Amino acid sequence: MKIVMAGAGAMGGRVGLYLTESGQDVVMLDKWQDHVDAMNDNGVTVHSYGETTNHKVKAVFMDDYNEPADLVILLTKALTAEETIDNLIKQGVITKETKVMSLMNGLGHGDMLLKKLSVEQVILAVTMWSAGLKGPGELILEGTGNIEFGYPDGHVDAFIEQLKVILDEAKLNGVISNDIVTSIWNKALVNCCFNTYCSVTDKRIGEFGAYEQADAMLIPLVKEIIAVGATKGAKLDLDATMEKFHKMYSPDVVGLHYPSMTQDIHNGRKTEVDFLTGAVSRFGDEAGIETPYCDILTHLVHQIEK
Ligand code: NAD
């Protein structure tokens, strides 16, 4: 299968590398020229548990590529996703036969893709893998994960079954989902809460959770997101969510981590907040549901970005 990684940063790099090593025909597209050059000149350098290895991949500067793909895996940051899709359609990489799978964090990617592509083309996914980009061509790859994926309406066809085999052969652990919308909202719920609160307080997840009133901050926000998510078909549960959050505070889980949004702020980068609490606010407006917590957190994060 001809697979194009649209965005080959930390996560696109990991997924693209694993697919390449499993024998798929993969092209890594990226707009960071130094990164593209490094991948082509030296391969991808992987740092993992104290070991460094080199892996051959094919990378092309995003705007210069124009061959049709069977599957495009979208792993830019959410901020540049729509522009990327528009360009890849213009460049002939995404044709009417191409499937496009969004693997980004955040909400609203399905709606964006369905404005431009037919319903048969759009696959949504969510991943528990993580990855770091140390510099051009250099990835930090530790831990394990999976990729849950499916059509928005949950039906399964031969392509979905073939994709599971491809992901499993690449050791990416594919999980076919018949309710990918709920899975995406469940991950977004975590990101809406901890990415924003930890960014505003500049705390690690465990430090935030150590505050004795953390639940009083979280519960009204979670309730807001659950109410808005229900209008989009997501089946979310308050008690299960809070139980999951409490487990996350442990240093053995993610308690010692700064969420990715807080890392983006530390690195002076724009965040994906408009696709997290910002998206919940937009969907809330459409549904006539008030979302004061999401509104103010989105503003606070934008204030910090500036
Ligand atoms: P990333 O920042 O590593 O890469 C995104 C884009 O930014 C790439 O095109 C990359 O080349 C470019 N970029 C990165 N550093 C740059 C620099 N210094 N100069 C110029 N360009 C640079 O983003 P990511 O972590 O791969 O995230 C992609 C999507 O995957 C996001 O939606 C994210 O939320 C999601 N995601 C990430 C992880 C993770 O652990 N990294 C896990 C799950 C989901």
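For the protein, the name recorded in an unreviewed UniProt entry is 2-dehydropantoate 2-reductase, with Macrococcus epidermidis as its organism. Quoted straight from UniProt, the Sequence similarities (unreviewed entry) entry for the protein says "Belongs to the ketopantoate reductase family." UniProt lists a comment for the protein under the heading Function (unreviewed entry), and it reads "Catalyzes the NADPH-dependent reduction of ketopantoate into pantoic acid."

Draft legend 1. Broad picture of the UniProt feature "domain: Ketopantoate reductase N-terminal" (unreviewed entry) in the protein. Mapped onto this structure's residue numbering, the UniProt feature "domain: Ketopantoate reductase N-terminal" (unreviewed entry) falls at residues 3–153. End C-alpha to end C-alpha, residues 3–153 measures 23 Å, and it is 26% helix and 32% strand.

Draft legend 2. Examining the sheet that holds strand S3 (residues 44–48) more closely. Read from one edge to the other, the open sheet built from 4 strands follows the order S4-S3-S10-S9, with strand pairing classed as mixed. Two strands close off the open sheet at either side, each with one partner strand: strand S4 (51–55) and strand S9 (132–135). On average, adjacent strands in this sheet sit at an angle of 30° to one another, irrespective of strand direction. The pairing of S3 with strand S10 (residues 138–140) spans 3 bridges and is classified as parallel. Its bridge partner lying in S10, Thr45 is registered against Glu138. Helix-sheet contacts for helix H1 (residues 10–21) involve S3, S4, S9 and S10, and the interaxial angle to S10 is about 95°.

Draft legend 3. Representation of a nonpolar patch on the surface. A cluster of nonpolar side chains, Val200, Ile296, Leu300 and Ile304, forms an exposed patch at the surface whose accessible area comes to about 290 Å². No other element matches the 3 residues that helix H12 (residues 292–305) contributes to the nonpolar patch. With respect to the secondary-structure elements, Ile304 resides in helix H12. With a relative accessible area of 35%, Ile304 lands in the partly exposed category.

About the cut-offs
Residues numbered from 1 in each chain as written. Predicted model: local features only at pLDDT ≥ 70, side-chain atom pairs only at ≥ 80, totals over all residues. Heavy atoms only, no water. UniProt positions renumbered as here; feature names shortened; annotations may be inferred. Helix = DSSP H or I, 4+ residues; strand = E, 2+ residues; numbered from the N terminus. Pairing = 2+ DSSP bridges. Axes fitted to C-alpha atoms, helices over the stretch in contact; angles between N-to-C directions. Contact = heavy atoms within 4.5 Å. Patch = residues over 30% accessible without salt bridge, like charges linked within 9 Å, V, L, I, M, F, W, Y side chains within 5 Å. Areas by Shrake-Rupley, 256 points an atom, 1.4 Å probe, with all protein chains shown as cover. Salt bridge = Lys/Arg side-chain N within 4 Å of Asp/Glu carboxyl O. Buried < 20%, exposed > 50% of the residue type's maximum accessible area, 1.4 Å probe, protein only.

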